[in-house]
Amino acid sequence: MMRKWGVSTELIHDQHVAERKTGAVAQPIVPAVAFSFETHEMASDTVSGKVDGIYYGRYGNSTLRVLEEKMASLENGEAALAVGSGMAAISSVLFGVLQNGDHLLVTKDVYGGTYHFLTTLLPRCGISFSLVDCTDVNCIVEAIQPNTKAVYIETPSNPVLTVLDIEAIANVTKQYDLPLIVDNTFMSPCLQKPLDLGADIVIHSATKYLNGHGDVIAGVIVADAEFIQFIRKQIMGDLGQVLSAWDAFLILRGLKTLGLRMERHCSNAHKIATFLESHPQVERVYYPGLKSHPQYEIAERQMGGMGGIVSFEMKGGSTAATSFIDALHLSMISFSLGDPETLVQHPATMTHSSLSESDRMDAGITDGLIRLSAGLEDVEDVIDDLAQAFDKIKETSKRNGEMIYG
Ligand SMILES: Cc1ncc(COP(=O)(O)O)c(C=O)c1O
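A few points about the overall build of the chain
Within the chain, the regular secondary structure consists of 15 helices and 12 strands. Computed over its C-alpha atoms, the radius of gyration of the chain comes to 22 Å, within 12% of the 22 Å expected for a compact globule of 406 residues. Each principal axis of the C-alpha distribution contributes one length, and for the chain these read about 80 × 55 × 40 Å. Counting only contacts in the chain whose residues sit at least 6 apart along the sequence, the fraction spanning at least 24 positions is 73%. Taken as a whole, the chain presents about 17600 Å² of accessible surface, with 53% of it coming from carbon and sulfur. Side-chain charges in the chain split into 31 positive and 50 negative, and the spacing between the mean points of these groups amounts to 4 Å.

Quick notes on the site of the ligand
The ligand sits among 15 residues. The nearest are Met87, Asp183, Ser205, Thr207 and Lys208. Glycine 86 has a polar backbone atom sitting 2.9 Å from an oxygen atom of the ligand. In this structure, lysine 208 approaches the ligand through a side-chain N or O atom, which is 2.9 Å from an oxygen atom. Contact with the protein chains hides 93% of the accessible area of the ligand, taken as 390 Å² for the molecule alone. Looking at the shell around the ligand element by element, the count peaks at 3 residues for helix H4 (residues 86-97).

So, the sheet that holds strand E8 (residues 282-286)
Strand order in the open sheet formed by 5 strands is E8-E9-E12-E11-E10, with mixed pairing between adjacent strands. Strand pairing shows two members of the sheet lacking a second neighbour, E8 and strand E10 (332-333), which therefore form its edges. Two strands pair when backbone bridges link them, and E10 and strand E11 (residues 343-345) are joined in this way by 2 bridges, in the parallel orientation. What sits directly across from methionine 332, in E11, is leucine 343. Together, strand E9 (309-314), E10, E11 and strand E12 (369-373) form the strand contacts of helix H13 (residues 317-326), whose direction differs from that of E9 by roughly 130 degrees.

Thoughts on the domain arrangement of the chain
Considered domain by domain, the chain is made up of domain 1 (7-255) and domain 2 (260-399). Computed over C-alpha atoms, the centres of domain 1 and domain 2 are 28 Å apart. In this assembly, 38 residues from domain 1 lie in contact with 40 residues from domain 2. Between domain 1 and domain 2 lies a buried interface of about 2900 Å² when both sides are counted; carbon and sulfur atoms form 60% of it.

Some remarks on the environment of threonine 274
For threonine 274, the position within the fold is in helix H11 (residues 258-277). Taking the C-alpha atoms as reference, threonine 274 lies 24 Å from leucine 258; in sequence the two are 16 residues apart.

Re the pairing of strand E1 (residues 79-83)
Extensive coverage of E1 is indicated by the burial of 5 of its 5 residues. Of the strand pairs in this sheet, E1 and strand E7 (residues 219-223) are connected by 5 bridges, and their pairing is antiparallel. In the strand pairing of E7, alanine 82 is matched with valine 220.

Brief notes about the nonpolar core
Ranked by internal contacts, the top residues of the largest apolar core, which has 106 residues, are Leu94, Leu276, Phe312, Phe324 and Leu386. Ranked by the residues each element gives to this core, the list is headed by H11, at 8 residues. Counting only domains with at least three residues in this core, you end up with domain 1 (7-255) and domain 2 (260-399). Non-local contacts of phenylalanine 324, meaning those with residues more than four positions away in its chain, are made with Phe312, Met314, Ile370, Leu386, Ala389, Phe390 and Ile393. Formed by 17 residues, the second largest nonpolar core is a distinct cluster that contains Ile166, Ala170, Val182 and Ala199.

Quick look at a negative patch on the surface
Taken together, the side chains of Glu78, Asp200, Asp224 and Glu226 define an acidic patch exposed on the protein surface. Of note, glutamate 78 is situated in the loop between helix H3 (62-74) and E1. Under the relative-accessibility criterion, glutamate 78 is labelled exposed at 60%.

Side note on the pattern of salt bridges
Once the charged atoms of two side chains with opposite charge are near each other, the side chains can pair. Within this structure, the stated rule accounts for 8 salt bridges. Lysine 4 serves as the salt-bridge partner of glutamate 10, at 3.8 Å between the closest nitrogen and oxygen. Of the residues examined, glutamate 10 reaches a relative accessible area of 5% and is grouped as buried. Measuring nitrogen to oxygen at the nearest pair gives 3.2 Å for the salt bridge that ties aspartate 52 to arginine 65. With aspartate 52 in the loop between helix H2 (40-48) and H3 and arginine 65 in helix H3, this residue pair connects regions lying 13 residues apart in the sequence. Connected via shared salt-bridge partners are Glu357, Arg360 and Asp367.

Quick look at helix H15 (residues 379-399)
The α-helix winds at 3.6 residues per turn, so residues separated by three or four positions along the chain end up facing the same way. Look at H15: 30 Å from first C-alpha to last across 21 residues, which is about the 30 Å you get at 1.5 Å a residue. Of all the residues in H15, the buried ones are Val379, Val382, Ile383, Asp385, Leu386, Ala389, Phe390, Ile393 and Ser397. End-on view of H15: buried residues confined to an arc of 155 degrees, all on one side of the axis. Exposed residues pointing more than 90 degrees away from the buried face of H15 are listed as Glu380, Asp384, Lys398 and Arg399. Just downstream of H15, glycine 401 is the residue with a positive phi angle, here 75 degrees.

Examining unusual backbone geometry
Cis geometry is found at the peptide bond from threonine 155 to proline 156, where omega equals -10 degrees. Turning to its location among the elements, proline 156 is positioned in the loop between strand E4 (148-154) and helix H7 (166-175). With omega at 5 degrees, the peptide bond leading from asparagine 158 into proline 159 counts as cis. Summarising the element assignment, proline 159 is placed in the loop between E4 and H7. For serine 188, which is not glycine, the phi torsion reads 70 degrees and is therefore positive. Overall, serine 188 belongs to the buried group, its relative accessible area being 1%.

Each value, and the rule that gives it
- Residues numbered from 1 in each chain as written.
- Predicted model: local features only at pLDDT ≥ 70, side-chain atom pairs only at ≥ 80, totals over all residues.
- Heavy atoms only, no water.
- Helix = DSSP H or I, 4+ residues; strand = E, 2+ residues; numbered from the N terminus.
- Rg over C-alpha atoms; globule rule 2.2 N^0.38 Å.
- Contact = heavy atoms within 4.5 Å.
- Areas by Shrake-Rupley, 256 points an atom, 1.4 Å probe, with all protein chains shown as cover.
- Lys, Arg positive; Asp, Glu negative; His and termini not counted.
- Charge placed at Lys NZ, Arg CZ, Asp CG, Glu CD.
- Near = heavy atom within 4 Å.
- Polar contact = N/O pair within 3.5 Å; in protein donor to acceptor, adjacent residues only side chain to side chain.
- Pairing = 2+ DSSP bridges.
- Axes fitted to C-alpha atoms, helices over the stretch in contact; angles between N-to-C directions.
- Domains from an automatic or database assignment.
- Buried area = accessible area lost by both parts, 1.4 Å probe.
- Buried < 20%, exposed > 50% of the residue type's maximum accessible area, 1.4 Å probe, protein only.
- Core = buried A, V, L, I, M, F, W, Y, C linked by side-chain atoms within 4.5 Å.
- Patch = residues over 30% accessible without salt bridge, like charges linked within 9 Å, V, L, I, M, F, W, Y side chains within 5 Å.
- Salt bridge = Lys/Arg side-chain N within 4 Å of Asp/Glu carboxyl O.
- Expected span 1.5 Å × (residues − 1).
- Arc of directions from axis to C-beta.

This is how it looks when you write it as structure tokens:
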């Protein structure tokens, strides 16, 4: 038997066949909305699901199909669905597992857009949720209600990089027969495969590392074939969240370099986190690869790399944090992450501004917190940029007679 390919080979070759007519090595883009059939019977069998096939662009197309098969294979899942954004993936999955009267258990620190969906759209559908500290599986057990229908986690979390033990949580969810949904955006399948650890459904914002170039909004869901078919037909088809073939092509192109990019994101992030940890103007650094991280051991065991995101709390709170990011020259202030450029943002007033004050505090999102997405640059240049911004705000605070830095 042939040895299973490594992930970088799989990223480039799996599901990939040269285009038959021309021999093209790059994936062809098929923008077609309509697909034709030789007989009426074949068309009717395809729409009814009796035979597998592509029939109308709102339910998928052949370029998307290549991306879906590749993502299912990378996550070791049965099937995948590509949708129009990470939020489309999250909302479709939650609408797929929940109905009026149900309850959802959610880890207490999640992406701000997910929180917004939980607090605005879900209640309109009569669905309740509880935010739970999932670092302690006993808290999950205690929070389960008779109408709880699923557990939703994000690990490492956005933005404070809490690492959750997927295997331990899956043991609990299996006992209570609840699907475990994992947002794997921060890791990508190169660094973490939640289905192998017992999760049931994996979600990605493909906008981030999977595409990796900051020019596509997309999402991916990986799960068993029956659930994927249900989402495709009953949710995506009706809500119209399909991805375009052009964007699927860009993600397929991006995936080929995902292995290399993740290596560089991780090593740059580690060096930046180490620099920040020893800096006198920094109160605290959150990076799973630092020994000071509260879940360092789980991260070492569960993750194939520590990821590209570093968050840190500045001494001096909001003023220091916002003046610091304003003083950066190379790193850019931006809401996204996972791009070639180093991106920074102030979660309290940007990505997580929809959180209530108390949920924000519970999630550890203080006014002085900054999230940095390490890019692919020469890391010395990023660190020099951070150093000059620290010096600049220290000078300003001295001039203003402030005593923040002693
Ligand atoms: C962890 C995580 N999940 C989901 C999303 C939503 O993705 P999208 O912007 O593609 O809808 C984001 C966006 O930042 C995210 O950080």
